[in-house]
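Examination of the molecular architecture
Residues per chain are reported as follows:
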Amino acid sequence: MRTRTTALTLLATGALLAATGCAKEDDAAPSTPAAPREVTSVSGCGKGSWTDPADLDPDRAPARCAPNTPAPKPLAKERSLTIATGTLSAEYVAPLQMAVRKGEFKKEGLKVQLKVLPTPDALPLLAKGDIDAQWAAPEAAVMNGVNSGFDIKWTAGNFSPAAASKSGLWVKLKKNETAAHVPMAGRKLGTMIGKGSVIAYPMNKALKKHGGGLDEIQFQQLGSADVLTALQNGGTDSAWLLDPVWRKVDGDKQYAFLGGQPRGEPLGGLLFGPNLLTKDPDAGVALLRAYIRTVNTYFAGDYKKDPAFVGELAKLLKTDEAVLKSTPSLRMDWEIRAGTTDRLQDAYRAAGVSEGDKIPESRTVNRKLYAEAVGHK
């Protein structure tokens, strides 16, 4: 859910359409509906291991099982899986990194490789089965790809921000302006993130509160090192500041925080392609089981309260320990809220990067596999 541009969205869509053409040329047989999978209760995963997807309360407690659960169920034969990710240094990738480090995937009979690939490069590979999963988000390129006929679904969430987080839209106040109301229409917005990113949804929401919208501002695509500088020197009027950059302006009365990612609503996580959705769902459930167990064991609460764990995490992410401690713990959350992909598509349409008709959630989300991993019927 990081840097994306409209151009990259269009390139990704073109690649997906090209891959579709190849699939048609190969005359691949359409997949038949899979038989219902048996779901049994899972020790350590009780009532709290599942929450109503329709519950959008920002203070909703995320689903949790006991530490070290759900217990591993090793596959009869080891599978090698490749998961693409845009980065290995961001904190939201930490559960995957930790699952590899602690051998949680290995316990399931999975040999997992994390491969750094930008979303536009990874999507066609995921759709064709050349990679098995993607740690990303249902961005505009993904929705456009699904609209073109690909069997790609969002199968697990990643995180939502802590209440104290101010990662999001910041504006430099003009004379007589206050944080309560800042007219945003016509202003420039500097961001690493393009209109085709999932961040378009919370960004549009924040802008509309202040008399603007994605179609009423001027986007300035800037590098990660330039966003804050442009905001401070007047090169842009506002900016989307990520962790931990927003700490540089927090508390300065010249700047106001207008809003960020909705609390309690993950906007990314694991995307599965045909390999794990239909060809080998046993491996898909095993992967999710290891991921969920990692969250329950190491990221269940405020994991930054443990100095030893913060030190281990900093080494794993190859980042400075002080920088890691400067922002609150993410609220790791494997569940997917109802209607999120509808709201994302509305934002993409407002930004002018959506193609085709709106896709129903049944074609974009699969909760059945993580439900099976925690024993929810």
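Here we summarise the structure given alongside this text. (Residues numbered from 1 in each chain as written. Predicted model: local features only at pLDDT ≥ 70, side-chain atom pairs only at ≥ 80, totals over all residues. Heavy atoms only, no water.)

Points about the overall build of the chain
- A count of helices and strands for the chain gives 13 helices and twelve strands.
- Relative to the compact-globule value of 21 Å for 377 residues, the chain shows a C-alpha radius of gyration of 21 Å, a close match.
- The 377 residues of the chain split such that 55% are buried.
- Sequence separation of at least 24 residues holds for 82% of the intrachain contacts in the chain that already meet a minimum separation of 6.
- Approximately 16000 Å² of the chain is accessible, and the part contributed by carbon and sulfur atoms is 52%.
- Here the chain contributes 49 positive and 41 negative side-chain charges, whose respective centroids are spaced 3 Å apart. (Helix = DSSP H or I, 4+ residues; strand = E, 2+ residues; numbered from the N terminus. Rg over C-alpha atoms; globule rule 2.2 N^0.38 Å. Buried < 20%, exposed > 50% of the residue type's maximum accessible area, 1.4 Å probe, protein only. Contact = heavy atoms within 4.5 Å. Areas by Shrake-Rupley, 256 points an atom, 1.4 Å probe, with all protein chains shown as cover. Lys, Arg positive; Asp, Glu negative; His and termini not counted. Charge placed at Lys NZ, Arg CZ, Asp CG, Glu CD.)

Re the packing of helix 2 (residues 94–101) against helix 9 (residues 281–298)
- Relative to each other, helix 2 and helix 9 sit at 95 degrees, their axes nearing to 9 Å. Relative to helix 9, helix 2 is oriented roughly perpendicular. Across the interface between the two elements, Pro-95, Met-98 and Ala-99 from helix 2 touch Tyr-291, Thr-294, Val-295 and Tyr-298 from helix 9.
- Residues that form the contact of helix 2 with helix 9 fall into these classes: six nonpolar, one polar and no charged. (Axes fitted to C-alpha atoms, helices over the stretch in contact; angles between N-to-C directions. Parallel < 35°, antiparallel > 145°, perpendicular 65-115°, else oblique. Nonpolar A, V, L, I, M, F, W, Y, C, P; charged D, E, K, R; others polar.)

A short note on the packing of aromatic side chains
- If you walk through the whole model with that rule in mind, you get eight aromatic pairs.
- Relative to Tyr-303, the ring of Phe-299 lies with its centre 5.1 Å away and its plane at 75 degrees, an arrangement referred to as edge-to-face.
- Residue classification places Tyr-303 among the buried positions, given a relative accessible area of 4%.
- Geometrically, the ring pair formed by Phe-299 and Phe-309 is edge-to-face, given 5.5 Å between the ring centres and 75 degrees between the ring planes. Of this pair, Phe-299 sits in the loop between helix 9 and helix 10 (307–317) while Phe-309 sits in helix 10, placing them ten residues apart in sequence. (Phe/Tyr/Trp six-rings, centres within 6.5 Å; stacked < 30°, edge-to-face > 60°.)

Quick notes on the packing of helix 6 (residues 200–208) against helix 12 (residues 340–351)
- Closest axis-to-axis distance for the helix 6/helix 12 pair is 8 Å, and the angle between their directions is 70 degrees. The angle between the axes of helix 6 and helix 12 places the two elements in the roughly perpendicular class. Touching Ala-200, Tyr-201 and Asn-204 of helix 6 are Arg-343, Leu-344, Ala-347, Tyr-348 and Ala-350, all from helix 12.
- Residues that form the contact of helix 6 with helix 12 fall into these classes: six nonpolar, one polar and one charged.

Description of the nonpolar core
- Membership of the largest hydrophobic core comes to 108 residues, with the highest contact counts inside it found for Leu-270 and Leu-313.
- With nine residues, the single largest contributor to this core is helix 9.
- If we skip the residues at most four places from it in the chain, Leu-270 touches Ile-83, Ala-133, Gln-134, Trp-135, Lys-153, Trp-154, Thr-155, Ala-156, Leu-287, Leu-288 and Tyr-291. (Core = buried A, V, L, I, M, F, W, Y, C linked by side-chain atoms within 4.5 Å.)

Remarks on the sheet that holds strand 8 (residues 218–221)
- The five strands are arranged 8-7-9-6-10 in an open sheet whose pairing can be described as mixed. In this open sheet, the two strands that pair with only one neighbour each are strand 8 and strand 10 (255–260). Averaged over all pairs of adjacent strands, the angle between strand axes in this sheet comes to 25 degrees, irrespective of strand direction.
- Of the strand pairs in this sheet, strand 7 (residues 188–191) and strand 8 are connected by four bridges, and their pairing is parallel. Following the sheet pairing, Thr-191 is matched in strand 8 by Gln-221. (Pairing = 2+ DSSP bridges.)

So, the sheet that holds strand 11 (residues 269–272)
- Read across the open sheet, the five strands follow the order 2-1-3-11-4; overall the sheet is mixed. In this open sheet, the two edge strands, each paired with only one partner strand, are strand 2 (110–116) and strand 4 (153–157). Sheet twist, expressed as the mean angle between neighbouring strand axes with direction ignored, is 30 degrees.
- Relative to strand 11, strand 4 runs antiparallel, the two sharing four bridges.

Considering the side chain of Thr-327
- Along the chain, Thr-327 turns up in the loop between helix 11 (321–325) and strand 12 (331–332).
- Under the relative-accessibility criterion, Thr-327 is labelled buried at 5%.

Observations concerning unusual backbone geometry
- Backbone torsion omega between Thr-69 and Pro-70 reads 0 degrees, so that peptide bond is classified as cis.
- Its location among the elements puts Pro-70 in the loop between helix 1 (6–25) and strand 1 (79–85).
- Omega for the peptide link from Asp-243 to Pro-244 comes to -10 degrees, which places this bond in the cis form.
- At Asn-176, a position not held by glycine, the phi torsion is positive, near 70 degrees.
- Of note, Asn-176 is situated in the loop between strand 6 (168–172) and strand 7.
- By relative accessible area, which is 75% here, Asn-176 ends up exposed.
- Here Lys-318, not a glycine, exhibits a phi torsion of approximately 55 degrees, which is positive.

Points about the state of the cysteines
- The tally for this structure, following the rule as stated, stands at one disulfide.
- Residue pairing for Cys-45: its cysteine sulfur links by disulfide to Cys-65, the two sulfurs lying 2.1 Å apart. Across the S-S bond linking Cys-45 and Cys-65, the dihedral sits near 110 degrees, which makes this disulfide right-handed. One end of the pair, Cys-45, is in the loop between helix 1 and strand 1; the other, Cys-65, is in the loop between helix 1 and strand 1, and 20 residues separate them in sequence. Of the two residues examined, Cys-45 and Cys-65, each falls in the buried class. (Disulfide = S-S within 2.5 Å.)

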